Amino acid sequence: KPISQEFGARIPITALLLAGGGLIALFLSLLLGLLGAASNGGVVDRLLHGLALVGASTPNFFVAALLVILFSVMLRWVPTFGTSGFTSWLLPWVTIALFPASVLSRVVRVNLQEMMSRPFATTGFAKGYSRLEVLIREAMPNLAVPFLTTFGAQFTLMMIAAVVVETVFALRGVGSFFIDAIRFRDFVGMQAVLLLFVVFFVFVNFLVDVICMFIDPRMRRARGG
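Conventions and cut-offs
Residues numbered from 1 in each chain as written. Predicted model: local features only at pLDDT ≥ 70, side-chain atom pairs only at ≥ 80, totals over all residues. Heavy atoms only, no water. Helix = DSSP H or I, 4+ residues; strand = E, 2+ residues; numbered from the N terminus. Buried < 20%, exposed > 50% of the residue type's maximum accessible area, 1.4 Å probe, protein only. Contact = heavy atoms within 4.5 Å. Areas by Shrake-Rupley, 256 points an atom, 1.4 Å probe, with all protein chains shown as cover. Lys, Arg positive; Asp, Glu negative; His and termini not counted. Charge placed at Lys NZ, Arg CZ, Asp CG, Glu CD. pLDDT = per-residue confidence, 0-100. Axes fitted to C-alpha atoms, helices over the stretch in contact; angles between N-to-C directions. Parallel < 35°, antiparallel > 145°, perpendicular 65-115°, else oblique. Nonpolar A, V, L, I, M, F, W, Y, C, P; charged D, E, K, R; others polar. Salt bridge = Lys/Arg side-chain N within 4 Å of Asp/Glu carboxyl O.

A.B. asks: Which residues make up the overall build of the protein, and what values do they have?
C.D. replies: Of regular secondary structure, the protein possesses ten helices and zero strands. When its helices and strands are written in sequence order, the protein yields α-α-α-α-α-α-α-α-α-α. With respect to the three principal axes, the spread of C-alpha positions in the protein is 65 × 55 × 25 Å. When each of the 225 residues of the protein is scored for burial, the buried share is 40%. The contacts in the protein between residues at least 6 apart in sequence include a share of 72% that link residues at least 24 apart. Counting every atom, the protein has about 12,400 Å² of accessible surface; 71% of that belongs to carbon and sulfur. Positive and negative side-chain charges of the protein, numbering 17 and 10 respectively, have mean locations separated by a distance of 3 Å.

Okay, here's the thing in structure tokens:
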């Protein structure tokens, strides 16, 4: 069977897995990082810091097993495998998004704290803004470039995590095909998947660089000079 036929059927599943997990990681990291910066050393900040450390230290297969036991076996809210509907994607999305969301939330938290000492933050306080208003109106726009750079790196790593997540939840994507190729010693299939991984890494990093160049005019001037 041609590799192109396998990829044609499996790439949409992996793409949907990465898209859903990426969106969850994006919004969750921004929310947690902003809440931690707003608390600034308080109980919420310390709690979110601990949760981020746990999330960044827990393997994907262990997270998947816990989610399946809790929400599928015990509560019976969502199915344990397959792509039968929206609910069948919830556990894979959360599993693959936990690690990047934890790492990105700390990136957001640290960068926001550093930006609060910049002159534009002082100007915001002088205008009568609260700390949360200064974070949202003054600091968040300046966070775009470092956040997107880190998000691009974490998003590419999600392709590797998809190998584990697809296997656990029985998703017939590129990751599960890679495991099957290893199991049956299909060297051509392994080479094709690895080539696809490399193309994905290069494309995502190139896209992030282009977006950052449009966002930050200083990068365009540096390139022009």
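Read on for the rest.
A.B. asks: Any details on the confidence of the model for the protein? Residues and values, ideally.
C.D. replies: Of all residues in the protein, 96% have pLDDT values of 70 or greater, and the mean over the chain is 86. By mean pLDDT, the top-scoring element of the protein is helix α1 (residues 3-39) (90), and the lowest-scoring one is helix α10 (residues 217-224) (60).

A.B. asks: Quick one: what's the story with the packing of α1 against helix α8 (residues 174-183), residue by residue and with numbers?
C.D. replies: Packing of α1 against α8 brings their axes to within 8 Å, and their N-to-C directions diverge by 135 degrees. One way to sum up the angle between α1 and α8 is to call them oblique. Between α1 and α8, the contacting residues are I3, E6, F7, R10, I11 and T14 on the first element and V174, G175, S176, F177 and D180 on the second. Among the residues making up the contact of α1 with α8, the classes are represented as five nonpolar, three polar and three charged.

A.B. asks: Summarise the pattern of salt bridges; cite the residues concerned and give the values.
C.D. replies: In the structure shown here, the tally under the stated rule is four salt bridges. Between E6 and R10 there is a salt bridge; the shortest N-O distance is 2.8 Å. With E6 and R10 both in helix α1 and four residues apart, this pair spans about one turn of that helix. Taken individually, E6 and R10 each receive the classification buried, so the pair is uniform in this respect. Ionic pairing is found between D180 and R183, a salt bridge with its closest N-O pair at 3.6 Å.

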